[in-house]
Amino acid sequence: MDRFLETFFNATVMARYLPDILHGVGVTVLLAVAIILAGVAAGLVLACLRTARLRWLNFLIICYADVGRALPPLVVILLFYFGLPNIGITLSGPMVLFVVLSATLAAFAEEIFWAGFTSLPRGQWEAGRATGLGSLQVLVWIALPQAVRLAVPPLVNRALAITKMTALGSVIGVSEILSAATTAQSFSGSASPLTLGALAYLAIFVPFVIFARWLESRFAWKKA
Amino acid sequence: MSDRPMLEIAALQKRFGETEVLRDINLRVGQGELVFVIGPSGSGKSTMLRCCNRLEEPSGGAIMIDGRNICAGTTRDLNRMRLQVGMVFQGFNLYPHLSVLKNITLAQRKALKRDRAEAEAKAMEMLGRVGLAHKAQAWPAELSGGQQQRVAIARALALDPKVMLFDEPTSALDPELVGSVLKVMKDLRDEGMTMLVVSHEMGFAREAADRVVFMDGGVVVEEGTPEEVFGAPKTERARAFLSRVS
Amino acid sequence: MDLFLDQFFNLDVMARALPFLLQGLWMTAKICAAVILLGLVGGFFLALGCLSPRRWLRWPAVVVTDFFRALPPLVLLIFVYSGLPFAGIQVSPFAAVVIAFFLNNSSYYGEVYRAGIESIPRGQWEAARSTGLTQAQTIGYVILPQAVRNVLPDLLSNTIEVVKLTSLASVVSLGELLYSANMARSLTYNASPIMLAALIYLVLLWPLVRLVSRFQRGLAA
């Protein structure tokens, strides 16, 4: 038991590498916030564009959403990080991470918002049109508020899953929590920094998970 | 009852792909007149009604509201036209995310550009007319079907329409709630509103309609006063239909 | 444009890398099979725990579920792969990957099952119990078949996530599809092998992604 504590919860080692991990927390949180804002906004815009039902545009949006949901983000990250410099485009590690993950979130968010739009009864659009509102006004004042409400619980879960992927940044040298922890681990020869890293992730994401649970129960409650 | 037609449908046609739903419909609704449309399901009654504010796009023919052809014109004209044509749906279609009051003020403010105070005053006036002034702050889900439909009527009336279209307004209601909605419609008629009603409430038609139109197979088969159509139907099809429903 | 094609769609490089990638694909398939099967079973028991009326069963199940939902799978994988040896437990990369993703995915599958079971009206339980079925029989014959049908889209979309997740195994040098592709990239100084891997993932997963969307629309209608 002592040996276990010594290996995974060595206080001296933890204290020494705490600043590095905290810096990693800052990077992770910053990236997570940026990814959520950009991804949700882009997904919402795409879903709204899709309600215009322009054939070619919709085809492109559907393809984008499908590819974004089918490709593993790590594959795209490696493709961007190692492939683009060969054709003269060099993006920093954090930039690649931000672009790929927010694009992925946008694909999922588009589908979630679209599902919200399509689950609205046709009568809602018709009632709006029949009272003389234009298509854009119906979209903004009638369809969107209802679609967003339906979209919130699945969207929170998806945003959680995708922001957790900021840990993939450790593969391309982004100094987020996991990469700070593994670096510290190899310097110290102790597993304690990994524990510290895991605790840092839990500190960030457990509130997120509890929030998601609360939202879901509230949602289920209303239906009853 | 003046003879000037407020709503005039001329040679209206509507096809969905190969299927011809409306074939050459002609109908005039004078100012202040209540015209009642009956017919078996699939006869095209609802489609005709929905063409009158272009929720369905007519395939041919013309529809005039107060002398103006609504099938021509830009999108902006279309939105302005729709303000003049109130519509009441079978399924109410209240907005579940807005309170009763906001349901009624939304189009007033966004489409008519009324300011908030004016829109709310108008909304309260209309709610009073349908007997629901005390429900202004309620949510649609808290109302009975009959109350929801009366709110939907108030929502349409608040835009000061020239014509009101009713698409089976009572068929989604429990029998004991139908009366309250019909009473509101009767009051409207007595105040001189021009109304085109698709419904199965034959009793109401007898009592309140100026004219009854019987549709079948996408054409107007018979047309006349309630006494004529219900009392002595001229065509075999109308006779068969009326004996089935009454 | 030529440069782009040469770097990302170099057919020559792709052809040379293909056999290597197919070997990787086989490994990916093995990880998927293990993780999906274990996850489906583990998730089922977690869901039963989360729904149990007994508090000493319910709380631990909820805590375990939320713990693994909050922890990034890569962190879990690194912890199992490079942390456990410190405690004297050696694990092969394959075992580490399967253990880490099993823990991660049991939570996700568990949440899906739970939502499914909760979607079944109380009356179904009562009808089953009143006809003399035991609790286990009620779950097995009445609740689960309906629950699974209700959450089929979510089960499918979670399974797609498992396949995508296996690409993380490349980080611990397990020779699956992405690892093979990345090796081929570093040998050829050309991104085409990764593009080829991306295309393989697309061919495998696009139909499933479409199916999920179809399901969702079906439910909405």
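Residues numbered from 1 in each chain as written. Chains lettered and ligands numbered in written order. Predicted model: local features only at pLDDT ≥ 70, side-chain atom pairs only at ≥ 80, totals over all residues. Heavy atoms only, no water.

Participant: Any chance you could explain the pattern of salt bridges here in plain terms?
Facilitator: Two side chains with opposite charge may pair up if their charged atoms get near one another. Evaluation of the coordinates by the stated rule reveals 31 salt bridges over all chains. One continuous salt-bridge network, built from bridges that share partners, spans Arg50, Asp66, Arg69, Glu110 and Glu111 of chain A together with Arg210 of chain C. (Salt bridge = Lys/Arg side-chain N within 4 Å of Asp/Glu carboxyl O.)

Participant: For this particular structure, what's the right way to read a nonpolar patch on the surface?
Facilitator: Residues and elements named next belong to chain C. The grouping of Met1, Phe4, Leu5, Phe9 and Leu199 at the surface amounts to a nonpolar patch, some 450 Å² of accessible area in total. Mapped onto the secondary structure, Phe4 falls in helix H1 (residues 2-8). Residue class for Phe4 comes out partly exposed when judged on its relative accessible area of 30%. (Patch = residues over 30% accessible without salt bridge, like charges linked within 9 Å, V, L, I, M, F, W, Y side chains within 5 Å. Areas by Shrake-Rupley, 256 points an atom, 1.4 Å probe, with all protein chains shown as cover. Helix = DSSP H or I, 4+ residues; strand = E, 2+ residues; numbered from the N terminus. Buried < 20%, exposed > 50% of the residue type's maximum accessible area, 1.4 Å probe, protein only.)

Participant: How do you make sense of the nonpolar core when you look at a structure like this?
Facilitator: Among the nonpolar cores identified, the biggest contains 105 residues, and Leu168 and Tyr201 of chain A together with Leu21, Leu74, Leu77, Val97 and Phe101 of chain C are the most heavily contacted of them. In contact with Val97 of chain C, other than residues within four places in its own chain, are Ile31, Leu77, Ala169, Val172 and Leu174 of chain C. With 48 residues, the next largest nonpolar core counts Phe36, Ala156, Val197 and Phe214 of chain B among its residues. (Core = buried A, V, L, I, M, F, W, Y, C linked by side-chain atoms within 4.5 Å. Contact = heavy atoms within 4.5 Å.)

Participant: What am I meant to see in helix H4 (residues 73-83) of chain A here?
Facilitator: Every α-helix winds through 3.6 residues per turn, so residues three or four apart in the chain are directed the same way. Judged by how many residues are buried, H4 of chain A sits mostly within the fold: eight of 11 residues are covered. If you check which residues of H4 of chain A are buried, you get Pro73, Leu74, Val75, Val76, Ile77, Leu78, Leu79 and Gly83 of chain A.

Participant: Please explain the state of the cysteines as it appears in this structure.
Facilitator: Residue and element names in this part refer to chain B. Evaluation of the coordinates by the stated rule reveals zero disulfides over all chains. Between Cys52, a cysteine without a disulfide, and Cys51, which holds the nearest cysteine sulfur, the sulfur-to-sulfur distance is 7.0 Å. Judged by its relative accessible area of 0%, Cys52 is buried. Here Cys71 stays unpaired: no disulfide links it, and the sulfur of Cys51, its closest cysteine neighbor, is 7.8 Å away. Residue class for Cys71 comes out partly exposed when judged on its relative accessible area of 28%. (Disulfide = S-S within 2.5 Å.)

Participant: So what exactly am I meant to see when it comes to the side chain of Glu176 of chain C here?
Facilitator: All names here are of chain C. Looking at the secondary structure, you find Glu176 in the loop between helix H8 (152-165) and helix H9 (177-188). An unpaired buried charge is present at Glu176: no salt bridge exists, and Arg185, the closest side chain of opposite charge, is 12 Å distant. A distance of 3.1 Å separates a polar side-chain atom of Glu176 from the backbone nitrogen of Leu178. Excluding anything up to four places from it in sequence, Glu176 contacts Gly24, Met27, Thr28, Ile31, Thr166, Ser167, Ala169, Ser170 and Tyr201. (Lys, Arg positive; Asp, Glu negative; His and termini not counted. Polar contact = N/O pair within 3.5 Å; in protein donor to acceptor, adjacent residues only side chain to side chain.)

Participant: Help me out: how do you make sense of the interface of chain B and chain A in this one?
Facilitator: Contacts between chain B and chain A engage 22 residues on the former and 18 residues on the latter. Roughly 1,700 Å² is buried in total at the junction of chain B and chain A, and carbon and sulfur atoms are behind 58% of that figure. Ranking the residues of chain B by area buried against chain A places Tyr95, His97 and Lys110 of chain B at the top, with a combined share of 33%. For the interface between chain B and chain A, the tally reads one salt bridge. The partner of Glu126 of chain A in a salt bridge is Arg50 of chain B, with the nearest N and O atoms 2.5 Å apart. At the boundary of chain B and chain A, one finds seven residue pairs in polar contact (both at pLDDT 80 or more). Of all elements in the fold, only helix H2 (75-84), strand S6 (85-88) and helix H3 (100-110) of chain B reach the threshold of two or more residues within the side of chain B that touches chain A. When residues in the side of chain B that touches chain A are grouped by element, the largest group, four residues, is from H2 of chain B. Grouping the amino acids of the side of chain B that touches chain A by side-chain chemistry returns 13 nonpolar, four polar and five charged. (Buried area = accessible area lost by both parts, 1.4 Å probe. Nonpolar A, V, L, I, M, F, W, Y, C, P; charged D, E, K, R; others polar.)

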